[in-house]
Amino acid sequence: MDRFEQHQENIKDFATIAMFNCQRMYRLLSDESDREQINEHALYGYHSMAFSAFMTMKSYYLQNDELSHWEFDSFIEKFEQFSREFVSSREINHSMQWTFGYYSELVEAYNDLANLLKLKAVEVPE
């Protein structure tokens with residue numbers, strides 16, 4: 001097993017957990033228009049779990065040069081955009097339109113990373 005494969009095994013769970021919780025956020029936000037009230041605690045809980053896994057992944061990535069691939073850089077950038085937009089939109093009670101757009105870009109970046117790490121891809125929302 002080469003160094004990249006060793007690091008790949010260590011980091012892929014963090015990327016998967018981050019994306020899984022972003023998917024849960026997206027589902028709650030998508031259902032928001034059909035409900036009178038959304039479970040904000042669950043929404044922020046999913047964001048917290050996603051952000052924690054993401055920060056662990058990013059820290060590990062930055063400490064290991066063998067992982068230096070554009071797919072990580074792209075996923076990091078798109079996750080940070082999605083997270084910032086989500087928090088900002090909730091703070092000012094703004095439409096989630098931009099958040100949904102950033103989520104789609106995040107999914108595409110994750111799928112590039114998933115291909116590199118040999119993980120299952122996520123369906124891009126329409």
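Preceding this section is the structure that the text describes.
Note that the structure is a prediction, hence the values are computed from the model and not measured.

Asker: So what about the nonpolar core? Which residues, and what values?
Answerer: Grouped together as the largest cluster of nonpolar side chains are 36 residues, with contacts concentrated most on Met19, Met57 and Phe72. Sort the elements by how many residues they give to this core and helix 1 (residues 3–31) lands first, with 10 residues. Contact partners of Met57, with chain neighbours within four places excluded, come to Ile11, Phe14, Ala15, Phe72, Phe75, Ile76 and Leu113.

Asker: Could you give an account of the pattern of salt bridges, with specific residues and numbers?
Answerer: For the structure shown, the criterion picks out 5 salt bridges. Across the pair Lys12 and Glu9 runs a salt bridge whose closest N-O atoms are separated by 3.2 Å. One end of the pair is Lys12 and the other is Glu9, both in helix 1 and 3 residues apart, which spans about a single turn. Looking at Glu9, the relative accessible area reads 40%, which means it is partly exposed. Where Glu40 meets Arg90, a salt bridge forms, and the shortest distance between an N and an O atom there is 2.3 Å. You can see Glu40 sitting in helix 2 (residues 40–63) and its partner Arg90 sitting in helix 3 (residues 70–91), a full 50 residues away along the chain. Given the relative accessible area of 15%, Arg90 is considered buried.

Asker: Pulling in residues and values, what's your account of the side chain of His7?
Answerer: Structurally, His7 can be placed in helix 1. A polar atom in the side chain of His7 sits 3.4 Å from the side chain of Asn64. If sequence neighbours within four positions are ignored, His7 has contacts with Tyr60, Asn64, Glu66 and Leu67.

Asker: Please set out the packing of helix 2 against helix 3 residue by residue, giving values where relevant.
Answerer: Contact pair helix 2 / helix 3: the axes reach a minimum separation of 11 Å and the direction vectors enclose 150 degrees. Viewed along their axes, helix 2 and helix 3 adopt a mutual orientation that is roughly antiparallel. Considering the relative orientation of helix 2 and helix 3, their crossing is left-handed. Judged by residue contacts, Glu40, Leu43, Tyr44, His47, Ala50, Phe51, Phe54, Met57, Lys58 and Tyr61 of helix 2 engage Phe72, Asp73, Phe75, Ile76, Phe79, Glu80, Ser83, Phe86, Val87 and Arg90 from helix 3. Of the residues contributing to the contact of helix 2 with helix 3, the split by class is 13 nonpolar, 2 polar and 5 charged.

Definitions and limits used
- Residues numbered from 1 in each chain as written.
- Predicted model: local features only at pLDDT ≥ 70, side-chain atom pairs only at ≥ 80, totals over all residues.
- Heavy atoms only, no water.
- Core = buried A, V, L, I, M, F, W, Y, C linked by side-chain atoms within 4.5 Å.
- Buried < 20%, exposed > 50% of the residue type's maximum accessible area, 1.4 Å probe, protein only.
- Helix = DSSP H or I, 4+ residues; strand = E, 2+ residues; numbered from the N terminus.
- Contact = heavy atoms within 4.5 Å.
- Salt bridge = Lys/Arg side-chain N within 4 Å of Asp/Glu carboxyl O.
- Polar contact = N/O pair within 3.5 Å; in protein donor to acceptor, adjacent residues only side chain to side chain.
- Axes fitted to C-alpha atoms, helices over the stretch in contact; angles between N-to-C directions.
- Parallel < 35°, antiparallel > 145°, perpendicular 65-115°, else oblique.
- Left-handed = near helix turned anticlockwise from the far one by under 90°.
- Nonpolar A, V, L, I, M, F, W, Y, C, P; charged D, E, K, R; others polar.

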